[in-house]
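Chain residues, written in single-letter form:
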Amino acid sequence: DLIAWLAVKLFRAKAKLVTRDNTQLFKRLASIGSVKSRLWLYLLRKVFSSSDLILTNSDSARTDILRYCNVCAHRVRTLGNPLDLREIDLLSNENVDMPCCLPYWIGVGRLCQVKRFDILLEAFHRIKEKVRHNLVLVGDGPSRVTLEANARELGLSQRVVFTGWLDNPLPLIRHSSALILTSECEGLPNAVIEAFALGKPVIATRCSSWIAHFEER
């Protein structure tokens, strides 16, 4: 989005500028409060305020933009993520090495602060003696080392598996007992839709307007 905005400004192009935000980016940056995050907030406000059309994938992301940017409501549209249900079913049946014994719960996402996998580890620690499930965390990111250390400190080394990045986590979701989402904020979390498509229960924080929508259904 920033590059497209700079191109339009520098070359004075007559093209329409269409931008997209799927993750409640302004809310996340505002919560950090660092000099770097304030600079990004300033730049992104410029970008979105200059956009002819802004696309989001959730009402919560749309509300975020309207709150932080000086834009007219009619210029911000919500368009959900397209998913191919047949492809999800096909990919979920691929053969993979299971990371641990059944049963297990699964969390999928980038290992970073906003995903709050630290909360998931703490919650799992509190109930570990009452359940026989393991916990599988699929993904990689800047918080991985910290999360692995947290798991060791909580005595979960034998119960929690960090798989790292996987091109196709769908087989692991298919074999799980449930998908767990503990994010602070999301747009439209694809992992939740994929889990539903595979007939799996979902345990989630109310991190997106879509979560409330799914609850009503």
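Everything that follows concerns the structure shown earlier in this document.
Note that the structure is a prediction, hence the values are computed from the model and not measured.

## With respect to the overall build of the chain
Move 1: Each helix and strand counted, the chain has 10 helices and 8 strands in total.
Move 2: Counting only residues that meet the buried cut, the chain has 42% of its 217 residues in that class.
Move 3: Carbon and sulfur atoms provide 54% of the accessible area of the chain, an area that totals close to 12,500 Å².

## Regarding the pattern of salt bridges
Move 1: Per the stated rule, a full pass over the model turns up 6 salt bridges.
Move 2: Between Arg 116 and Glu 184 there is a salt bridge whose closest N-O contact spans 3.2 Å. With Arg 116 in the loop between strand S4 (104-108) and helix H6 (117-127) and Glu 184 in the loop between strand S7 (178-181) and helix H9 (190-197), the pair connects residues that are 68 residues apart, well separated along the chain.
Move 3: The class for Glu 184 is partly exposed, based on a relative accessible area of 38%.
Move 4: Ionic pairing is found between Arg 144 and Asp 140, a salt bridge with its closest N-O pair at 3.7 Å.
Move 5: A residue is classified by how much of its surface remains accessible, and Asp 140, at 38% relative accessible area, is partly exposed.
Move 6: If you follow the salt bridges from partner to partner, you end up with Arg 116, Asp 118 and Glu 184 in one network.

## Remarks on the pairing of strand S6 (residues 160-164)
Move 1: Taking every second residue as pointing to the same face, the buried face of S6 carries Val 160, Phe 162 and Gly 164, while none of Val 161 and Thr 163 on the other face is buried.
Move 2: Pairing analysis gives 4 bridges linking strand S5 (residues 134-138) to S6, with the strands arranged parallel. Across the sheet, the residue bridging to Leu 137 is Phe 162, located in S6.

## Points about the sheet that holds strand S8 (residues 202-204)
Move 1: The 5 strands lie next to each other as S6-S5-S4-S7-S8, forming an open sheet whose pairing is parallel. Because the sheet does not close on itself, it has two edges, and the strands there are S6 and S8. Strand-to-strand twist of the sheet, defined as the mean angle between neighbouring strand axes without regard to direction, takes the value 25 degrees.
Move 2: Direction of pairing for S4 relative to S5: parallel, over a ladder of 5 bridges. The residue bridging Val 108 from the neighbouring strand is Val 138, located in S5.
Move 3: Each of S4, S5, S6 and S7 touches H6; the most contacted strand, S5, lies at about 170 degrees to it.

## So, unusual backbone geometry
Move 1: The omega torsion across Leu 102 and Pro 103 is -5 degrees, close enough to zero to call that bond cis.
Move 2: Turning to its location among the elements, Pro 103 is positioned in the loop between helix H5 (85-92) and S4.
Move 3: Of note in the backbone geometry, Arg 116 takes a positive phi value of approximately 50 degrees without being a glycine.

## Here's the deal with the nonpolar core
Move 1: Counting residues in hydrophobic clusters, the biggest one holds 17 residues, and the most contacted among them are Tyr 104, Ile 106, Val 136, Ile 173 and Leu 179.
Move 2: Elements that contribute at least two residues to this core include exactly S4, S5, helix H8 (170-175), S7 and H9.
Move 3: With residues up to four places along the chain from it excluded, the contact list for Leu 179 reads Ile 106, Val 108, Ile 173, Ala 191, Val 192, Ala 195, Pro 201, Val 202 and Ile 203.
Move 4: One finds Trp 105, Leu 120, Leu 121 and Val 160 within the second-largest nonpolar core, a separate group that totals 16 residues.

## As for the environment of Thr 56
Move 1: In this structure, Thr 56 sits in strand S2 (residues 53-56).
Move 2: Under the relative-accessibility criterion, Thr 56 is labelled buried at 0%.
Move 3: Remark: the alpha-carbon pair of Thr 56 and Thr 78, spanning 22 residues in sequence, is separated by 4.8 Å.
Move 4: Excluding anything up to four places from it in sequence, Thr 56 contacts Arg 20, Asp 21, Asn 22, Ala 61, Arg 62, Ile 65, Val 76, Arg 77, Thr 78 and Leu 79.

## Notes on the sheet that holds strand S1 (residues 18-21)
Move 1: Read across the open sheet, the 3 strands follow the order S1-S2-S3; overall the sheet is parallel. Whereas interior strands pair on both sides, the edge strands pair on one side only; in this sheet they are S1 and strand S3 (76-78). Ignoring which end each strand starts from, the neighbouring axes of this sheet average 25 degrees apart.
Move 2: Relative to S2, S1 runs parallel, the two sharing 4 bridges. The residue of S2 that forms the bridge with Val 18 is Leu 53.
Move 3: Sheet strands touched by helix H4 (residues 59-68): S1, S2 and S3. Its angle to S3, the strand with the most contacts, is close to 170 degrees.

Cut-offs and rules
- Residues numbered from 1 in each chain as written.
- Predicted model: local features only at pLDDT ≥ 70, side-chain atom pairs only at ≥ 80, totals over all residues.
- Heavy atoms only, no water.
- Helix = DSSP H or I, 4+ residues; strand = E, 2+ residues; numbered from the N terminus.
- Buried < 20%, exposed > 50% of the residue type's maximum accessible area, 1.4 Å probe, protein only.
- Areas by Shrake-Rupley, 256 points an atom, 1.4 Å probe, with all protein chains shown as cover.
- Salt bridge = Lys/Arg side-chain N within 4 Å of Asp/Glu carboxyl O.
- Pairing = 2+ DSSP bridges.
- Axes fitted to C-alpha atoms, helices over the stretch in contact; angles between N-to-C directions.
- Contact = heavy atoms within 4.5 Å.
- Core = buried A, V, L, I, M, F, W, Y, C linked by side-chain atoms within 4.5 Å.

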